[in-house]
Structures are given as structure tokens and as C-alpha cells.
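Each chain, written out:
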Amino acid sequence: MALYVQKFGGTSVGSVERIKAVAEKVKRFRDDGHQVVVVVSAMSGETNRLIGMANEINDEPTPREMDMLVSTGEQVTISLLAMALHKLGVPATSYTGSQVGILTDSAHTKARIQRIETDEMREDLDEGKVLVVAGFQGVDEEGNITTLGRGGSDTTGVALAAALGADECQIYTDVDGVYTTDPRVCSKAQRLDTVTVEEMLELASLGSKVLQIRAVEFAGKYNVPLRVLSSFQDGPGTLIVADTDEEEDSMEEPLISGIAFTANEAKLTLLNTPDVPGVASRILGPIADANIEVDMIVQNVAPAGDYTDFTFTVAKGDYKQTLKILNEQVLPDLGEGEVKGDDNIAKVSLVGVGMRSHAGVASKMFRVLSEENINIRMVSTSEIKISVVIDEKQMELAVRALHSAFGLDKDDIESE
């Protein structure tokens, strides 16, 4: 007998029929003798509907009241799923985040889990019940309902699996696993049987939307076996495994595991800024104060006493605000310089632990892009990642060319 925590997203529970299908799936696991805890999101579109109604009433609602409102979406799902399980003869109890004992800090709309009370859950499991838990929410020390931010149901699932010592946390989505890249962009993308936590963290942070980065961080920290599966078809999915430092294992790793990409980037450059100590802090300080995250940074080397160019990227949604800060705060402080911006860029990234033991990945990447006449604007690297900034209109071409060049195409794998 194993203990499974199964998380179903909004699409998976998007209608009454789909909720019934989830109940059938859960019943099969219980009939096989396993204990099951189910974590669910709000039905697809429900959270956006609630937020829309709030904005019609008040365009600046308080975070506490927003948490009170949007947390109701998951409560609808847990009760309907519990009813569906009862109809199948499966004993089940639904719980909100506060009822199940998910205690968080008081940062409304972006709370973080501090601890989880498991005694009552274990009693229910020992009695043969299926637990149906509302994802995305918890309660603070003052008894206020809190939410974990977008994608928080993934985090709830992994956190419950860690607290209960589950054998596996299964994340059910509308895709059947983690792919080498988005199949909608590259038709030859293939599903990965396994991917390391480290690689998944990189993929999630670089634009892959299969798993939320906080959930992957939680899985890595608490060594929770994590598997991505489809709600709509059977299959092994993708297992996210702990990283390994074993030399013999790393030698067998594929060079590149996946290609992530995002067009949600904008590039800003300060031309002719004084090349003096502290200039980077004077540029980025006001941007950090506005709670804007900076991604890639490049500062050109200038001759002593000369001027330099300073380039960085932000999320496209922060582009206009960042331009305003640079023009109204940073340039007056520096006393000279010029700002240029471009929000028609994309970032394409190669990810793979195999890079640690293989040379020449960057040069091959640059050669492939050159052969497709794709100009590289910026480059950023880490131990297992290489990212480039290119024109947005060339993003899909770059992804397909790199996917083929690094042997990730489905045809290439099947012929090996």
C-alpha cells in the first residue's frame, strides 16, 4: 500500500463531467489498496471570474478581501469532488486549507507555507477515507484566510506530500508530461521519462509552464518524488528526480534535456553611462525599489575613464514602468546618458545537466543560430543552462533549429 497525493488543476476539474472522471481515477487508486489525498484547483476560469467581479466593484481591493474571495473557487471544487466520490461509494471528506491545518505567513495573495498539521489527516487516512483538499490556500496565525499566489495548488500538493511522507506527488494537467520543448512550437518535441529537479527548476524559471517553480523548489528541498501526468489519458508521465553527483550517472545524462523560451521579455540599454564604481547599483536600485525583477545583465568593458553601455532585461509587463524610472530617476542621478528600449525580443534557453561534462555546447548553439541568420543580442550562462536574447519574430525558428541540432527531435530518438 502506498500513499499518493494527487493534484488536479483547473482544466482537469473544469466541468461536472471532468470532476466525475477525476473521481473515477481516484477510486481506481483506492481500489488498488492505496491511500489518497487529492488537491484541487478552482474550476477553469473561475478564479479569473471572481477577480473580474472584484475589479468591477473596486479597482484596488485589499489583499485580505481578495484572498477571502478567490479562495471560494477551490471550495466549490472540493465539495463537488467529494460528492462525486460518495456517489461511487468512496468515503471522502473535503477540507479547506484552514480546516486541514495549512498554516502560512500573513502575506495576503502571496503567502508562504510555514507548517502543516497532519494529525487529523492521518486519522482520516487510517479510517480509509479519501481526503479532498482545497489547493492554493491556507490560514495565518490570526485565523485569516490566505492564498499562495497563482499556481499555488501545485505548491499545496507538494507540501502535503512532504508533510505526510507520501510515496509520490502526482501533478495531473492537460499535458502528459514534461516535453523537450513546447509541442505547439516544435511538432517533433518528445516527452521526457525523467528530468532532474535542477533541470526542472531552470525550465520552470525560463518559461516552461508545466510546473510552478515554488512547487519544484519544495520537492527538491524535501526530496518529494514528483510526477507530471495527464488527466485525460493514461501513461507514465514524467518523473522529476533528485539531482545526483554520481560521476557514472552524469556521464549517461543526455547533453540537453529541454529548450525553454519566452517572449515575455523586454530589453533596456543605458548608453554612455559613466564607467565608475557603483554605477550599476545607481541604475538598478530604483528598479528594485519598484519591485521590478531584473533578469539578464550585460555591462560592456570600457577604456579607463571612458563611458560604458549597461543593458538588462525585465518582464514585458514591467517595460513601460522601467523606462519611466530610467528617464525620470536614473538619468537625472547619473547626469548623462541615453536610454533605449526594445520589447520585441525573446529569450531561448538550452537546459541540461549533461553540460557539466561536455564542452562546446555554447559554440554549437551559436553556430546553429548563425546558420539560420539569427542575431544574438545577449547571452547568459550557468552550469546547466545557456540563454540567448534574440528578435521575437525569430523565436520559433530558433527553437526548432536548436531542437533538431541537439538531437531532441522525436525521429532522432526513435532511430537510435
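If you're wondering where the values come from, they're calculated on a predicted model, not measured in any experiment.

Asker: Would you mind going over the domain arrangement of the chain with me for this structure?
Answerer: Interface size is commonly expressed as the accessible area that is lost once the parts come together. Domain boundaries assigned for the chain yield domain 1 (3-241) and domain 2 (258-406). Its C-alpha centre places domain 1 at a distance of 34 Å from the equivalent point of domain 2. Residue-level contacts link 14 residues of domain 1 with 19 residues of domain 2. Summed over both partners, the interface of domain 1 with domain 2 buries about 1400 Å², with 64% contributed by carbon and sulfur atoms. Taken together, the connections running from domain 1 to domain 2 amount to one salt bridge. Here E198 ties to R356 by a salt bridge, and the two come within 2.6 Å at their closest N and O atoms. Counting across the domain 1 and domain 2 interface gives seven residue pairs in polar contact (both at pLDDT 80 or more). For the side of domain 1 that touches domain 2, the class distribution of residues is five nonpolar, four polar and five charged.

Asker: What's the story with the sheet that holds strand β1 (residues 3-8) in this structure? I'm lost.
Answerer: Where strands meet in a sheet, backbone hydrogen bonds hold them as pairs that are either parallel or antiparallel. One open sheet accounts for eight strands, arranged β3-β6-β2-β1-β9-β11-β12-β10; its pairing is mixed. What marks the edges here is a single partner per strand, and that holds for β3 (92-95) and β10 (194-196). Strand-to-strand twist across the sheet, computed as the mean angle between neighbouring axes with direction ignored, equals 20°. Where strand β11 (residues 226-230) and strand β12 (residues 238-241) come together, three bridges link them in antiparallel fashion.

Asker: Honestly, the sheet that holds strand β17 (residues 378-382) in this entry has me stumped. Any pointers?
Answerer: Overall, antiparallel pairing links the six strands, which are arranged β14-β15-β13-β16-β18-β17 in an open sheet. Strands at the two margins of the open sheet, each flanked by one partner only, are β14 (294-299) and β17. Within this sheet the neighbouring strands show an average axis-to-axis angle of 30°, counted without direction. Summarising the sheet, strand β16 (residues 338-351) and strand β18 (residues 385-391) pair through seven bridges and their orientation is antiparallel. Bridged to L350 within β18 is I386. The sheet strands contacting helix α11 (residues 279-289) are β13 (258-274), β14 and β15 (307-315), and the helix crosses β15 at an angle near 25°. Where helix α14 (residues 395-405) meets the sheet, it contacts β13, β16 and β18, and its direction lies at approximately 120° from that of β13.

Asker: Could you clarify how one ought to interpret the layout of surface pockets in this entry?
Answerer: Unfilled space is identified by rolling a water-sized probe across the atoms. In this model, the largest pocket occupies a volume close to 1200 Å³. In terms of lining residues, the largest pocket is bounded by 43 residues, among which D174, K209, V210, L211 and Q212 are the most central. Of all the elements in the fold, those that place two or more residues in the lining of the largest pocket are α2 (46-57), α7 (152-164), β9 (168-173) and β13. Its residues placed into classes, the lining of the largest pocket shows 15 nonpolar, 19 polar and nine charged. When we break the lining of the largest pocket down by domain, the ones giving at least three residues each are domain 1 (3-241) and domain 2 (258-406). Considering only enclosed or pocket space, the second largest pocket measures out at about 880 Å³ in volume.

Asker: Sorry if this is basic, but what is going on with the packing of aromatic side chains here?
Answerer: The geometry of an aromatic ring pair comes down to the distance between the two centres and the angle between the two planes. Applying the stated criterion to the full structure yields four aromatic pairs. When the ring centre of F406 is taken as reference, the NZ or CZ atom of K364 above it lies at 4.7 Å.

Asker: Before we go on, may I ask you to explain the side chain of Q35 in this structure?
Answerer: With respect to the helices, strands and loops of the structure, Q35 is situated in strand β2 (residues 35-40). Only 3.3 Å separates the side chain of Q35 from the backbone oxygen of L125, close enough to count as a polar contact. In contact with Q35, other than residues within four places in its own chain, are M1, A2, L3, Y4, L125 and D126.

Rules and cut-offs
- Residues numbered from 1 in each chain as written.
- Predicted model: local features only at pLDDT ≥ 70, side-chain atom pairs only at ≥ 80, totals over all residues.
- Heavy atoms only, no water.
- Domains from an automatic or database assignment.
- Contact = heavy atoms within 4.5 Å.
- Buried area = accessible area lost by both parts, 1.4 Å probe.
- Salt bridge = Lys/Arg side-chain N within 4 Å of Asp/Glu carboxyl O.
- Polar contact = N/O pair within 3.5 Å; in protein donor to acceptor, adjacent residues only side chain to side chain.
- Nonpolar A, V, L, I, M, F, W, Y, C, P; charged D, E, K, R; others polar.
- Pairing = 2+ DSSP bridges.
- Helix = DSSP H or I, 4+ residues; strand = E, 2+ residues; numbered from the N terminus.
- Axes fitted to C-alpha atoms, helices over the stretch in contact; angles between N-to-C directions.
- 1 Å grid on protein atoms, 1.4 Å probe; cavity = no way out; pocket = protein on both sides within 12 Å on 5 of 7 lines; lining within 4 Å.
- Points joined across faces, edges and corners; volume = space filled by probe spheres on them.
- Phe/Tyr/Trp six-rings, centres within 6.5 Å; stacked < 30°, edge-to-face > 60°.
- Lys NZ or Arg CZ within 6 Å of the ring centre and 35° of its normal.

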